[in-house]
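Listed below, chain by chain, are the residues.
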Amino acid sequence: MAYRRAILALLVLAGGIFTALITNDGAATPSVEQYYSSVESRLGYWLLLGNARHCGYWPAGILWPFPIGRALRAMEEKLYQRLDLPAGAKVLDAGAGSGVVASYMAKGGLVVQGIDLTPMHVQDAQRVIKARGLSSDQITVRQGDYHDLSDVDSASLDAVYTMETFVHADDPLKVLKNFRRILRSGGVLVLHEADFHWDSEVLQEVLRLSHCQNTLKEGTYESLLEEAGFTNITVDDYTDNVLPLWRLFGILGSVPYDLMRLIGQEKRFTNVMAGVEAYRHWGQGRYISVRATNP
Ligand SMILES: C[S@@+](CC[C@H](N)C(=O)[O-])C[C@H]1O[C@@H](n2cnc3c(N)ncnc32)[C@H](O)[C@@H]1O
């Protein structure tokens, strides 16, 4: 059975590489939906992360990243702990992806509404919720854009969180103001995201190709959150804790990436490029957990 799965994965991978070569020329800046709907993204997240789309959390200094699933759950637990909410608290998962994180929060007793821009992810999320036996009283996921939360009542939620999606925001300040409006007084915002002090051209290109053009520069989360009216801002740095995954991406992707570069085709494989270049430039960005309160 295992070898059949491996052969199937290899066939799907070969098909994916072929499709990426003929469909993505790396020239245009993709929309969020185009980036996530690419064959490369779909295959990569499925094969490597079981359709979770976030980093794992490892003890600092660990070299062996397996099993990855355990580290993914550890990152979800970190977020759950940062939220620090009683059972029954109402939360928004903004950019819920395939609902993996939202399901973890719902299993922990939170009442979760998730939104995501990418229709395919919303369908996945609905499958994941069903497979985990969660009810619509515990969790719902629908299509939506966190730049427009006009259908969510003001002051109606105890918390909002993002797991690796705020980096895609076209207008980060507007999004933070939206989050603040729907939070009750004393409500909590937790963002598990990246910030950068990347200056190299190749890394700017990685940001463009993954629709992260407005990812915040290091140190600017605090000022932007203050501008949006948040208080009690704390930042925890998990950069060392996510390194094992990026080292794995860097090592796995290195040879294919350099071969593609030789023939000038590396931009067709955004995620391979991002994995290898981020690892080769390690230290030029951080993975942070930001927590703030609506006064
Ligand atoms: C890296 S994935 C993270 C998914 C999920 N939070 C997880 O950890 O598995 C980023 C997700 O954010 C979604 N997204 C990006 N921009 C969005 C927006 N403006 N509104 C809602 N969702 C958005 C994407 O469609 C994608 O599913």
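What you are looking at is a predicted structure, and each value in this text was computed from that prediction instead of being measured. Numbering of residues starts from 1 in each chain and follows the order in which that chain's sequence is written. Totals for whole chains, interfaces and linings use every residue, but because this is a predicted model, local features are given only for residues with pLDDT of at least 70 and side-chain atom pairs only at 80 or more, for both listing and counting. Just so you know, side-chain values use all the structure's heavy atoms and leave hydrogens and water out.

Asker: Can you walk me through the site of the ligand in this structure?
Answerer: Here a residue is near a molecule or strand as soon as one of its heavy atoms is found within 4 Å of it. As a matter of local geometry, the ligand sits amid 21 residues, with D116, T118, H121, D145 and T165 nearest to it. Note that an oxygen atom of the ligand is positioned 2.6 Å from one of the side-chain N or O atoms of D116. Under this definition, polar contacts are N or O atom pairs within 3.5 Å; protein pairs additionally need one hydrogen-donor-capable and one acceptor-capable atom, and for neighbouring residues in sequence, both atoms have to be side-chain atoms. At 2.7 Å, a side-chain N or O of H121 approaches an oxygen atom of the ligand. Here the accessible surface of atoms and residues is derived via Shrake-Rupley with a 1.4 Å probe, and residues count as covered only by protein chains that are part of the display. Here the ligand, which alone exposes 600 Å², has 98% of that area covered by the protein. In this analysis the probe radius is 1.4 Å and the grid spacing 1 Å, with only protein atoms considered; a cavity is a set of points the probe fits into but cannot get out of, a pocket is an open set with protein on both sides within 12 Å along at least five of seven lines, and lining residues have an atom within 4 Å of a point. For a molecule to be placed in a cavity or pocket, more than half of its atoms must lie within 2 Å of the grid points of that cavity or pocket. Cavity membership is defined here by more than half of the atoms lying within 2 Å of grid points; on that basis the ligand lies in the second largest pocket.

Asker: How should the layout of surface pockets be read in this particular structure?
Answerer: Vacant regions in the atomic arrangement are exposed by a probe of water-molecule size rolled over the atoms. Grid points are joined across faces, edges and corners, and a volume is the space filled by probe spheres set on the points. Taken as a whole, the second largest pocket holds about 380 Å³ of empty space. Every residue lining the second largest pocket is counted, 31 residues in all, and those nearest its centre are Y36, G95, D116, T165 and H168. Each helix is a run of H or I in the DSSP string that is no shorter than four residues. Each strand is a run of E no shorter than two, and both are numbered from the N terminus. Mapped by element, the contributors of at least two residues to the lining of the second largest pocket are α2 (32–37), α5 (100–107) and β2 (111–116). Note on residue categories: nonpolar means Ala, Val, Leu, Ile, Met, Phe, Trp, Tyr, Cys or Pro, charged means Asp, Glu, Lys or Arg, and polar means any other residue, Gly included. Residue classes in the lining of the second largest pocket are distributed as 11 nonpolar, 14 polar and six charged.

Asker: How should the nonpolar core be read in this particular structure?
Answerer: Note that soluble globular proteins tend to have their nonpolar side chains buried in a common cluster. Counting 43 residues, the largest nonpolar core has L83, V112 and Y161 as the members making the most contacts within it. When checking whether two residues touch, look at their non-hydrogen atoms; a contact exists if any pair is within 4.5 Å. With residues up to four places along the chain from it excluded, the contact list for L83 reads M105, L110, A159, V160, Y161, V188, V190 and R291. The term nonpolar core refers to a set of buried residues drawn from Ala, Val, Leu, Ile, Met, Phe, Trp, Tyr and Cys, joined through side-chain atoms within 4.5 Å. The classification of residues rests on relative accessible area computed with a 1.4 Å probe and restricted to protein chains. Under 20% of the type maximum is buried, over 50% is exposed, and intermediate values are partly exposed. In this structure, V160, L173, I288 and V290 belong to the second largest nonpolar core, which totals 27 residues.

Asker: For this particular structure, what's the right way to read unusual backbone geometry?
Answerer: Leave glycine aside and you will find that most residues have negative phi; peptide bonds, for their part, are mostly trans. Going from F66 to P67, the amide bond is cis rather than trans, its omega being -5°. Positive phi, normally seen in glycine, also occurs at E164, with a value near 60°. Structurally, the position occupied by E164 is in the loop between β4 (157–163) and α7 (172–182). E164 gets classed as buried once you look at its relative accessible area, which sits at 18%. With a phi close to 50°, H211 is a non-glycine residue in the positive phi region. Turning to its location among the elements, H211 is positioned in the loop between α8 (201–209) and α9 (220–227).

Asker: How should the packing of helix α4 (residues 68–83) against α5 be read in this particular structure?
Answerer: The angle between the axes and the distance between the axes are what describe a pair of packed helices. All axes here are fitted lines through C-alpha atoms, helices being fitted over the stretch that makes contact, and every angle between N-to-C directions spans 0 to 180 degrees. Packing of α4 against α5 leaves a shortest axis separation of 10 Å and a crossing angle of 55°. Comparing their axes, α5 and α4 come out oblique. In the packing of α4 onto α5, the handedness of the crossing is right-handed. Contacts from R73, E76, E77, L79, Y80 and L83 in α4 reach V100, V101, Y104 and M105 in α5. Of the residues in the contact of α4 with α5, the class split is seven nonpolar, no polar and three charged. Oblique is the label for any angle not under 35 degrees, not over 145, and not in the 65 to 115 range, which are roughly parallel, roughly antiparallel and roughly perpendicular in turn. A crossing counts as left-handed when the near helix is turned anticlockwise from the far one by less than a right angle, and as right-handed when that turn is clockwise.

Asker: Honestly, the packing of aromatic side chains in this entry has me stumped. Any pointers?
Answerer: Working definition: an aromatic ring pair is given by the centre-to-centre distance plus the angle between the planes. When two rings of Phe, Tyr or Trp (its six-membered ring) have centres within 6.5 Å they constitute a pair, described as stacked for plane angles under 30 degrees, edge-to-face for angles over 60, and tilted for the intermediate range. Going through the model one piece at a time under the given rule, you end up with eight aromatic pairs. Here W64 and F66 contribute two aromatic rings whose centre-to-centre distance is 5.0 Å and whose plane-to-plane angle is 65°, an arrangement assigned as edge-to-face. Taking relative accessible area as the criterion, F66 reaches 39% and is therefore assigned partly exposed. An aromatic cluster is present here, built from Y35, Y36 and Y45 joined pairwise through their rings.

Asker: For this particular structure, what's the right way to read α5?
Answerer: Residues that lie three or four places apart on an α-helix share one face, since the helix turns once every 3.6 residues. Among the eight residues of α5, six are classified as buried, and the element is accordingly described as predominantly covered. Burial in α5 covers these residues: V100, V101, A102, S103, M105 and A106. Residues of α5 that are buried make contact with α4, β1 (90–94), β2, α6 (119–131), β3 (139–143) and β4. In the segment just after α5, G109 is the residue with positive phi, at about 100°.

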